[in-house]
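# Geometric and topological summary
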Amino acid sequence: MNHIQHVVVPGTFDPVTLGHIDVISRARHLFPQVTVAVAESRTKRGVGTAFTLEERVDMLRQALDEQGVSSIGGIRVLPFTGLLVDFCRELGAGGVVKGLRAMTDFEYELQQADLNAHLAPDIESVFVMSNPGYGYVSSSIVRELASLGSDVSTLVPPCVAIKLREHFTAE
Ligand code: PNS
């Protein structure tokens, strides 16, 4: 049996938070090759994203550089559309890594993992427990705080805090 060499860390990353960066670096700790897959998610919950796909990919690349994670090597960021399992197959990735915060994440993540296992039984779902320090951090909380003018510099990488300020002052 072959060991998994390459995993995908998927998400909408609207925008990337320090919680995501923690999950990505831990995925790289576990597996030699990590592709961070940024979903187009045009129809997520019927609403568009705050940032375009290109902006979300750029912020992730910049944030991984800024946080010193890129320098580990073996990590890349790519956009994707369509089914996650198809994208994994295209890349030859054998697993998907996601972070779990509270029990509230569990049901949603289990449903996605079950669906992905049904579509592609050969692709493993792996969960890492998020750093307790980031348990309450989510992209939607960050967007809400930033839209209300609150400081989010402890929740997101500096390049993202700047982008959020630009985004919400331009609105
Ligand atoms: O960060 P998110 O929003 O929780 O990420 C969700 C994401 C992008 C991983 C999920 O919506 C996804 O995999 N979308 C691609 C379409 C797909 O494969 N859907 C079936 C599995 S849910």
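Structure's up top.
Summarised in this report is the structure supplied together with it. A quick note: this is a predicted structure, and the numbers were derived from the prediction, not measured. (Residues numbered from 1 in each chain as written. Predicted model: local features only at pLDDT ≥ 70, side-chain atom pairs only at ≥ 80, totals over all residues. Heavy atoms only, no water.)

## A closer look at the overall build of the protein
Scanning the protein from terminus to terminus reveals six helices and five strands. Order of helices (α) and strands (β) in the protein, N terminus to C terminus: β-α-β-α-β-α-β-α-β-α-α. Scaling as 2.2 N^0.38, a compact globule of 171 residues should have a C-alpha radius of gyration of about 16 Å, and the protein matches this with 16 Å. Taken over the C-alpha atoms alone, the protein extends approximately 50 × 35 × 30 Å along its principal axes. When the 171 residues of the protein are sorted by exposure, 43% land in the buried category. Here the contacts in the protein between residues at least 6 apart in sequence split such that 77% fall between residues at least 24 apart. Summed over its atoms, the accessible surface of the protein is roughly 9400 Å², and 54% of this surface lies on carbon and sulfur atoms. Distance between charge centres in the protein, computed from 14 positive and 20 negative side chains, equals 1 Å. (Helix = DSSP H or I, 4+ residues; strand = E, 2+ residues; numbered from the N terminus. Rg over C-alpha atoms; globule rule 2.2 N^0.38 Å. Buried < 20%, exposed > 50% of the residue type's maximum accessible area, 1.4 Å probe, protein only. Contact = heavy atoms within 4.5 Å. Areas by Shrake-Rupley, 256 points an atom, 1.4 Å probe, with all protein chains shown as cover. Lys, Arg positive; Asp, Glu negative; His and termini not counted. Charge placed at Lys NZ, Arg CZ, Asp CG, Glu CD.)

## With respect to helix 3 (residues 84-91)
All buried positions along helix 3 are accounted for by Leu84, Val85, Phe87 and Cys88. Along the long axis of helix 3, the arc covered by the buried residues comes to 160°, so they all point the same way. Packing partners of the buried residues in helix 3 comprise strand 1 (6-11), strand 2 (33-39), strand 3 (75-80), strand 4 (95-100) and helix 4 (103-119). The first or second residue beyond helix 3 is Gly92, which carries a positive phi of 75°. (Arc of directions from axis to C-beta.)

## A closer look at the packing of aromatic side chains
Aromatic ring pairs are reported here in terms of the distance separating the ring centres and the angle at which the planes meet. By the definition in use, this model includes one aromatic pair. Judged by centre distance (5.1 Å) and plane angle (20°), the rings of Phe80 and Phe87 are stacked. Like Phe87, Phe80 is buried. (Phe/Tyr/Trp six-rings, centres within 6.5 Å; stacked < 30°, edge-to-face > 60°.)

## Considerations on the environment of Asp65
Looking at the secondary structure, you find Asp65 in helix 2 (residues 53-66). Side-chain polar atoms of Asp65 contact the side chain of Ser70, separated by 2.7 Å. (Polar contact = N/O pair within 3.5 Å; in protein donor to acceptor, adjacent residues only side chain to side chain.)

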